[in-house]
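# Analysis of the macromolecular model
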There are 2 protein chains.
Amino acid sequence: MEREKFKEFLITKGLKSTKERDEILNEVLAMKKHFDPEELFIRLKAKGSKVSRASVYRTIPLLLEIGIIEEVERTDRHAHYEIVSKDRHHDHMICMNCGNVIEFYSPTLEMLQDEICQKEKFQGLRHSLEIFGYCEKCRS
Amino acid sequence: MEREKFKEFLITKGLKSTKERDEILNEVLAMKKHFDPEELFIRLKAKGSKVSRASVYRTIPLLLEIGIIEEVERTDRHAHYEIVSKDRHHDHMICMNCGNVIEFYSPTLEMLQDEICQKEKFQGLRHSLEIFGYCEKCRS
DNA sequence: TTCATTGCAAAAGCTTTGCATGTGT
DNA sequence: ACACATGCAAAGCTTTTGCAATGAA
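Reading the values: the criteria
Residues numbered from 1 in each chain as written. Chains lettered and ligands numbered in written order. Predicted model: local features only at pLDDT ≥ 70, side-chain atom pairs only at ≥ 80, totals over all residues. Heavy atoms only, no water. UniProt positions renumbered as here; feature names shortened; annotations may be inferred. Contact = heavy atoms within 4.5 Å. Buried area = accessible area lost by both parts, 1.4 Å probe. Salt bridge = Lys/Arg side-chain N within 4 Å of Asp/Glu carboxyl O. Polar contact = N/O pair within 3.5 Å; in protein donor to acceptor, adjacent residues only side chain to side chain. Near = heavy atom within 4 Å. Helix = DSSP H or I, 4+ residues; strand = E, 2+ residues; numbered from the N terminus. Nonpolar A, V, L, I, M, F, W, Y, C, P; charged D, E, K, R; others polar.

Going by an unreviewed UniProt entry, chain A carries the name Ferric uptake regulation protein and comes from Dissulfurispira thermophila. Per its UniProt entry, chain A bears the Subcellular location (unreviewed entry) comment "Cytoplasm".

We now examine the interface of chain A and chain B. Taken residue by residue, the interface counts 37 residues in chain A and 36 residues in chain B. Taken over both partners, the interface formed by chain A and chain B buries close to 3400 Å², and the fraction arising from carbon and sulfur atoms is 64%. Where chain A meets chain B, there are 0 salt bridges. Inspection of the region where chain A meets chain B yields 10 residue pairs in polar contact (both at pLDDT 80 or more).

Here we take up the protein's contact with DNA strand C. Near DNA strand C, the surroundings consist of 21 residues, among which Arg-21, Ser-52, Ser-55 and Arg-58 of chain A together with Tyr-57 of chain B are the closest. Backbone sugar and phosphate groups make up 73% of those atoms of DNA strand C lying within 4 Å of the protein. Between Ser-52 of chain A and DNA strand C, the recorded distance is 2.6 Å, taken from a side-chain N or O atom to a phosphate oxygen. In this structure, Lys-16 of chain B approaches DNA strand C through a side-chain N or O atom, which is 3.3 Å from a base nitrogen. Of all the secondary-structure elements, those providing two or more residues to the surface near DNA strand C are α2 (19-30) and α4 (53-66) of chain A together with α4 (53-66) of chain B. Of the residues belonging to the surface near DNA strand C, the class tally is 7 nonpolar, 6 polar and 8 charged.

Right, let's talk about the UniProt feature "binding site: Zn(2+)" (unreviewed entry) in chain A for a bit. Sequence positions flagged by UniProt for "binding site: Zn(2+)" (unreviewed entry) are, in local numbering, Cys-95, Cys-98, Cys-135 and Cys-138 of chain A. In sequence the annotated residues extend across 44 residues, while in space they remain close, none of their C-alpha pairs exceeding 8.1 Å. By the element assignment, Cys-95 of chain A lies in strand β3 (residues 91-95). The residues touching Cys-95 of chain A, leaving out its near neighbours within four places in the chain, are Asn-100, Gly-133, Tyr-134, Cys-135 and Cys-138 of chain A together with Phe-122 of chain B.

Here it is in structure tokens:
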């Protein structure tokens, strides 16, 4: 499914489907939560793959572009990514003039909930974020 | 005010009050929004200060420790910080068992609101985040 | 055959650190 | 005088890039 999307994308862009790219995508899809490039590389190595770090770093922008992964907050020194899933939590932006509601999703926000809760020793189960303001049409 | 806090902190820790640390703190306090180490360094240079990048990098952890600044999300390659202000927006964690409400503040969340709104061309004015779950006492 | 891709190693960008020198207390 | 601080330059880490060799279409 994601695999087909990837292949299609590569063809459309005049790029090539390679063993390395397949291996990387597979490993990304095997990740449960968010990950960083080094982690991905280590796992691939551990599985006997011969991909180089360079290929991992070069494939990530492609996966970002198709929307298979998204960038999450950088907590450490390095970048973090997570897989985009279909049925996921979303939050709302509410226009104070026309009442229009815009849904949005932010992987960073989802991570943030975990971090904040951990700091307060709170067991967070769900959250609701509402941003109030004016939508594109109604803003002056 | 922040300056006294800093001096006190240094004394308590057996550290020394130096011209460089003063200059850095002053420049940090002069920053309106969030900043990164390089920006801070450039500004100090521009003002004729002779502090080194190393001192900037070595002073930041101290300011973090006293709570004069907080770390904000890393959007680029480098770290960002912002000054902690007293009367600031806060959000809530609500215990679904005892109803206890914990207030918290997250600089990253504040930045996130801006970023998300920009993406959707929404003029965000305020937000409300509520995290539901169980507090330390009530979690099983 | 023709380009894109790969791996390697070198480079780049941000941050940290070792060391000799300088400076508050 | 004694620690701790500072500046410099070198080292450390993560990420990017140049290049020759390789491989998909």
